[in-house]
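# Structural overview for review
So you can see what is in the structure, the chains are spelled out below.
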Amino acid sequence: MIVILERHPSSTQIADVCRMLADSGLDASAWQEPACTVIGGIGTIEAGARDALTEQLEHLSYVDCVRQIDKPYRMVSREWKNETSLVTVRDGLAFGGKELVLIAGPCSVESHGQLLRTAREVKKHGAQMLRGGAFKPRTSPHFFQGLGLEGLQYLHEVSLETGLPVVTEVMDAQDLDMFETTADMFQIGSRNMQNYSLLKAVGKRRKPVLLKRGMSATVDELLQAAEYVMSGGNAAVVLCERGIRTFETATRNTLDLNAIPLLKRLTHLPVIVDPSHGTGLSELVIPMSLAAIAAGADGLIVEVHEEPQKALSDGRQSITPSEFSLLVERADAVACAVGRRLPCS
Ligand code: PEP
Ligand code: MN
């Protein structure tokens, strides 16, 4: 249930509405939007009691209206919050504003030198965040599984050396403490989008979460997964479209561009795009990055490798630092055309 109050209610009025919701067994929270104050109530309430409460609330002079959200996700919905959320990673770096966020780096952390050189290059060309997997969810147990703790250590060192904040994948709720000093943002990978214990665990943390769409997940399921994180108390969620499985085998996945404007209508959470996993082919990464920005994405996460043919994972979809520089140059023009901006422009 959402209660919209006039623009500047008194604190007593806000407290009164919160108490009425709480007395009906709902968890109440209030926030300010540009044109009004909103109080949301979460929980289950029997239909009769809900109608009675709605009527009582609507009778209050300072209540503009009361809305029900008839969806399996509530807190992530646009009905809950009309303004796009700003998800802040650190001072001056937030997803969801006019400025797009560019994340770049290798699929896997392979060595300190590889990571440092790549981080310096992508930073020089305009990336504001470094990506790199230390714990890798590989389809075959015989493929490179990542450097584990050693990889996290390199991410930490390179982040200090370059000043770039880090996003890295966490696969297991029990590992979260280990990531605390290194990760500025937890990445939940496609294969774990419906790992509910992991979603609940990151929901209890105070770090932003990059939630990737499951490769066979619907938009609705992605939003319900995000609702798990928000329900745990962590509102700092960024969604990532990274391609879905279709009958097409010419590309690794089919980047679902529809999902971008659709998600922007359905949720207030920022949405970024991963054109690397979305296509699986390095030569498609630049055009699909441009398409993603044109469709309204709030940022990109791109795999960059100094020698893609030697990469220990996902080399076929990794672009070189100089291709990344070209991507940024072209993305700048598209961003301007749709009223957005790149940090380096
Ligand atoms: C990755 O970012 O390297 C990764 C494994 O992504 P996804 O979970 O989207 O497959
Ligand atoms: Mn990868």
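Rules behind the numbers
- Residues numbered from 1 in each chain as written.
- Chains lettered and ligands numbered in written order.
- Predicted model: local features only at pLDDT ≥ 70, side-chain atom pairs only at ≥ 80, totals over all residues.
- Heavy atoms only, no water.
- Near = heavy atom within 4 Å.
- Polar contact = N/O pair within 3.5 Å; in protein donor to acceptor, adjacent residues only side chain to side chain.
- Areas by Shrake-Rupley, 256 points an atom, 1.4 Å probe, with all protein chains shown as cover.
- Nonpolar A, V, L, I, M, F, W, Y, C, P; charged D, E, K, R; others polar.
- Helix = DSSP H or I, 4+ residues; strand = E, 2+ residues; numbered from the N terminus.
- Contact = heavy atoms within 4.5 Å.
- pLDDT = per-residue confidence, 0-100.
- Salt bridge = Lys/Arg side-chain N within 4 Å of Asp/Glu carboxyl O.
- Buried < 20%, exposed > 50% of the residue type's maximum accessible area, 1.4 Å probe, protein only.
- Domains from an automatic or database assignment.
- Pairing = 2+ DSSP bridges.

Below, the discussion takes up the site of ligand 1. Neighbouring residues of ligand 1: Cys107, Arg131, Lys136, Glu169, Gln187, Gly189, Ser190, Arg191, Lys212, Arg242, His277 and Glu303. One of the side-chain nitrogen or oxygen atoms of His277 is found 3.3 Å away from an oxygen atom of ligand 1. For ligand 1, an oxygen atom lies 3.2 Å from a polar atom in the side chain of Glu303. Relative to its unbound accessible surface of 290 Å², ligand 1 loses 97% to contact with the protein. Its residues assigned to classes, the shell around ligand 1 shows one nonpolar, four polar and seven charged.

Within the secondary structure, Gly126 is located in the loop between helix H3 (112–125) and strand S8 (129–131). Sequence separation between Gly126 and Cys344 is 218 residues; the distance between their C-alpha atoms is 5.6 Å. Residues contacting Gly126, with those up to four places away along its chain left out, are Leu102, Pro343 and Cys344.

We now examine the confidence of the model for the protein. Summary statistics for the protein give a mean pLDDT of 96 and a share of 100% for residues scoring 70 or more. Strand S12 (residues 237–241) holds the highest mean pLDDT among the elements of the protein, 99, whereas strand S2 (residues 27–32) holds the lowest, 90.

Turning our eyes to something else, we now look at the pattern of salt bridges. Should their charged atoms come close, side chains of opposite charge can pair. If you walk through the whole model with that rule in mind, you get 18 salt bridges. Measuring nitrogen to oxygen at the nearest pair gives 2.8 Å for the salt bridge that ties Arg19 to Asp16. Residue Arg19 and its partner Asp16 are both found in helix H1 (residues 11–23); the two are separated by three residues, about one turn of the helix. Under the relative-accessibility criterion, Arg19 is labelled partly exposed at 46%. Linked through salt bridges whose partners overlap, the residues forming this network are Asp177, Glu180, Arg205 and Lys207.

Looking now at the domain arrangement of the protein. Looking at the assigned domains, one finds that the protein contains domain 1 (2–67) and domain 2 (87–337). One C-alpha centre belongs to domain 1, the other to domain 2, and the line joining them spans 37 Å.

Attention now goes to the pairing of strand S3 (residues 37–42). Among the six residues of S3, five are classified as buried, and the element is accordingly described as predominantly covered. Pairing between strand S1 (residues 2–5) and S3: four bridges, direction antiparallel. By the bridge assignment, Ile4 is partnered in S3 with Val38. Of the strand pairs in this sheet, S2 and S3 are connected by six bridges, and their pairing is antiparallel. Residue pairing for S3: Ala28 is matched across the bridge by Gly41.

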